[in-house]
There are 2 protein chains.
Amino acid sequence: MNKENKIFNDFESHIKTIDEEIKRTLSDQDDLLMYDMMRYFFGYLDENLKKINDYGGKHFRSSLCLYLAEAYGKKKHLVEIAAAIELFHNFTLIHDDIEDHDEIRRGKPTIWKKFGQEQAINTGDAQLILTNLEICKACEGASGLDLLVSNYLNKVFLKVSEGQFLDMKMAELPLNHDFVSEQNYLDMIKRKSAILVSASSGVVGVALGLPDKETKALEKYGLNLGMAYQIWDDIVSIWGKEEDTGKKEAKDIYEKKKTLPILSLYGQINDDEKQKLENIYNSPKIARKADLDYIYSLLNTYNIKAMTKQKVFSYIEKSNSAIESLSVSLSKKKFLLDINRDLFPNIEEVK
Amino acid sequence: MNKENKIFNDFESHIKTIDEEIKRTLSDQDDLLMYDMMRYFFGYLDENLKKINDYGGKHFRSSLCLYLAEAYGKKKHLVEIAAAIELFHNFTLIHDDIEDHDEIRRGKPTIWKKFGQEQAINTGDAQLILTNLEICKACEGASGLDLLVSNYLNKVFLKVSEGQFLDMKMAELPLNHDFVSEQNYLDMIKRKSAILVSASSGVVGVALGLPDKETKALEKYGLNLGMAYQIWDDIVSIWGKEEDTGKKEAKDIYEKKKTLPILSLYGQINDDEKQKLENIYNSPKIARKADLDYIYSLLNTYNIKAMTKQKVFSYIEKSNSAIESLSVSLSKKKFLLDINRDLFPNIEEVK
């Protein structure tokens, strides 16, 4: 967490710029509780809807967008685009929390829990609309941006929706269903998560009219970073310690989530083990202690942790090689490489 | 209904054009059940997800948009904009059905009822994103359209969200709450319903670059028509016969909806009557027969039906006067005036 916090310290001024822009956009709207719900979710208001001065939002995707815009020498036009990415990302979280029945996010009640499901659906919708108004705002200041950027980002947004659809679909299917495969899982996280990181960097190329090759390199950097981060999160949610991650230990095993380590495991175990694992995963209840021990012993026997870590490494390497090919200064490259190291603390020690 | 059907006969070719465009957009996407949910909702697929040839969608808002574009001599560029309006309108219905717990729409199970609430939220989101991609598509063919149209429509979309927020807020508050007033009700239906009719006509002015005065007249026409239609619906949902309306008789009274006739009534009755009415409306249960009779007798005593009808008339008149001021041919004006008559069948006989 310390190393991760370091990144956010470096991003501090970008985070501030983005929050100021989002606050400005929200204050341009009518005085309705609906907009306070958004402020609450962003952490600008506390649970009593009183202003908070130090809310500590991290905004990785949008800060990265702004950092890269600056690296190419044009921060100004990208502030609204970065804000749009942040508005969109948080809109997805508002609706995901309803869809996943999550009651707590960032240590506070989720919007649906606090204001009711009906209002939470509608407030999410409004924030998706605000995202598009923010894209329009970005384009007012810069000629030629409009159509390209809106089209680029909305196509990505649609992929994110498709990813969420696929995620819910896979969650419902039994472990032995053909559709529940490692390949489909990778396709799902690509759409649901990685593509928005890809767009956060790629949109800089689109908006600044950089050569196609540069935009593709920016996308390659972000997409592979996004993939690495999602799979790293799968590792952390199975083997992480609560004091390091802030997440409940063995969370994904308790909840019997079919994440990459489980799908890799399922692809390698023998028929008896498959049957046992299916029985555990097909039961609607939370895993029992004995099941938990069995799953961990299988994961251990088949060396799944190290294998999954190798996948993370391979995505980080692809992301790093894309960084090397960017037309930005050496110090900017070094900063991006540092992020790719610091986001995965202690990964070398994982066995 | 016969007269109403006449309008949709006149719009037949527009409806077909819009459906073809929506089908084209959906077929451009990946082959995912998510898009079949949208096709099902539009009526392109039946309950077994088999193709339907004659689905009979009415698409009033989007057809009106296309009709007006044609009236100004430029139908082509507006097809995608009309399709975007239809995509948006149906997105709102997908989410409204969840928020209102409605299980049936157009005689079929709603999306959330058929595919689950979680998928219905996500599919609605995807359709709102497709709406914006459709706006981008509209702009590819026409220079200068992009930013203006996207900004114009998304601002309207945001108002629709605000309207839905206000609707749910008013539904929760007791009848004697200050916020539950006739004026706030009119503001709510303006945002929730009328403004999208206003935008369906007004966007033609924006997209075709008509003079401001013309765009304002188009908006005035649509906004007042939208207000009239919503209030007419309030009348029909209290006094309409099932064979005329297809709706359950006395529906809004059974469900104790605080629509305009009830708010007008509440503003006029004496304190004793107020207390009785509040007691009925504050009980969470559906209205009993005795309550129903009491409410109808009050509405009758205070002549609410005729009063509400006068309000509808006054909005129709404003809409008609805007039609007279449009720079379109006399035959087009006559057609629009005919719509404003046919949408309100037998209104003269209402007493």
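This report concerns the structure included in the present document. Small disclaimer: the values here were computed from a predicted structure and weren't measured. (Residues numbered from 1 in each chain as written. Chains lettered and ligands numbered in written order. Predicted model: local features only at pLDDT ≥ 70, side-chain atom pairs only at ≥ 80, totals over all residues. Heavy atoms only, no water.)

1. A short note on the nonpolar core
Of all hydrophobic cores here, the largest spans 244 residues; its most connected members are Ile81(A), Leu336(A), Ile81(B) and Leu336(B). Beyond its immediate sequence surroundings of up to four residues, Leu336(A) is in contact with Leu64(A), Tyr67(A), Leu68(A), Tyr221(A), Ile323(A) and Leu326(A). (Core = buried A, V, L, I, M, F, W, Y, C linked by side-chain atoms within 4.5 Å. Buried < 20%, exposed > 50% of the residue type's maximum accessible area, 1.4 Å probe, protein only. Contact = heavy atoms within 4.5 Å.)

2. Quick word on the interface of chain B and chain A
Taken residue by residue, the interface counts 45 residues in chain B and 45 residues in chain A. Our enumeration of links across chain B and chain A arrives at four salt bridges. Note that Lys159(B) and Asp30(A) form a salt bridge whose closest N and O atoms lie 3.2 Å from each other. At the surface where chain B touches chain A, the tally comes to 13 residue pairs in polar contact (both at pLDDT 80 or more). (Salt bridge = Lys/Arg side-chain N within 4 Å of Asp/Glu carboxyl O. Polar contact = N/O pair within 3.5 Å; in protein donor to acceptor, adjacent residues only side chain to side chain.)

3. Description of the side chain of His95(A)
For His95(A), the location among the structural elements is in helix H5 (residues 79–99). Polar contacts involving the side chain of His95(A) include one to the main-chain carbonyl oxygen of Ile121(A), which spans 2.8 Å. Polar side-chain contacts of His95(A) include one of 2.7 Å to the side chain of Asp125(B). The contact partners of His95(A), leaving out residues within four places of it in the chain, are Ala120(A), Ile121(A), Gly124(A), Asp125(A), His95(B), Ile121(B) and Asp125(B). (Helix = DSSP H or I, 4+ residues; strand = E, 2+ residues; numbered from the N terminus.)

4. A look at the side chain of Asn340(B)
Residue and element names in this part refer to chain B. Within the secondary structure layout, Asn340 lies in helix H17 (residues 330–342). Engagement of the side chain of Asn340 in a polar contact is seen with the side chain of Asn320, the distance being 2.8 Å. Sequence-distant contacts of Asn340, that is, excluding residues within four places in its chain, are made with Tyr221, Leu225, Ile316, Ser319, Asn320 and Ile323.

5. Describing the environment of Trp239(A)
All names here are of chain A. Here Trp239 lies in helix H10 (residues 212–239). Residue Trp239 is classed as buried on the basis of its relative accessible area, which comes to 18%. Considering only alpha carbons, one finds Trp239 and Tyr296, 57 residues apart in sequence, at a separation of 9.3 Å.

6. Considerations on the relation of the copies chain B and chain A
Rotating chain B by 180° about the axis while translating it 0.0 Å along that axis superimposes it on chain A, leaving an RMSD of 0.0 Å. As the rotation angle and translation indicate, the two copies are arranged about a two-fold axis. Comparing interface residues between copies, 100% of those in chain B also sit at the interface in chain A, which points to an isologous, same-surface contact. (Least-squares fit on C-alpha atoms with pLDDT ≥ 70 in both.)

7. With respect to the packing of aromatic side chains
All names here are of chain A. With the rule as written, the count across this model stands at 20 aromatic pairs over all chains. Aromatic pair Tyr40 and Phe115: ring centres 5.9 Å apart, planes at 80°, arrangement edge-to-face. Of this pair, Tyr40 sits in helix H3 (residues 33–42) while Phe115 sits in helix H6 (residues 111–115); the two residues are 75 residues apart in sequence, bridging distant segments of the chain. With a relative accessible area of 1%, Tyr40 lands in the buried category. The class for Phe115 is buried, based on a relative accessible area of 19%. For the pair Phe88 and Phe91, a centre-to-centre distance of 5.5 Å together with 50° between the ring planes defines the contact as tilted. Of this pair, Phe88 and Phe91 both sit in helix H5, three residues apart, roughly one helical turn. On the basis of relative accessible area, Phe88 is assigned to the buried category, the value being 1%. The class of Phe91 is buried, set by a relative accessible area of 3%. (Phe/Tyr/Trp six-rings, centres within 6.5 Å; stacked < 30°, edge-to-face > 60°.)

8. Here we look at the pattern of salt bridges
If you walk through the whole model with that rule in mind, you get 39 salt bridges over all chains. Across the salt bridge formed by Arg341(A) and Asp338(A), the nearest N and O atoms sit 3.3 Å from each other. With Arg341(A) and Asp338(A) both in helix H17 (residues 330–342) and three residues apart, the pair spans about one turn of that helix. By relative accessible area, Arg341(A) is classed as partly exposed at 45%. Because the salt bridges share partners, they merge into one network encompassing Asp30(A), Lys159(B), Glu162(B), Asp187(B) and Arg191(B).

This is a description of form; function is not addressed.
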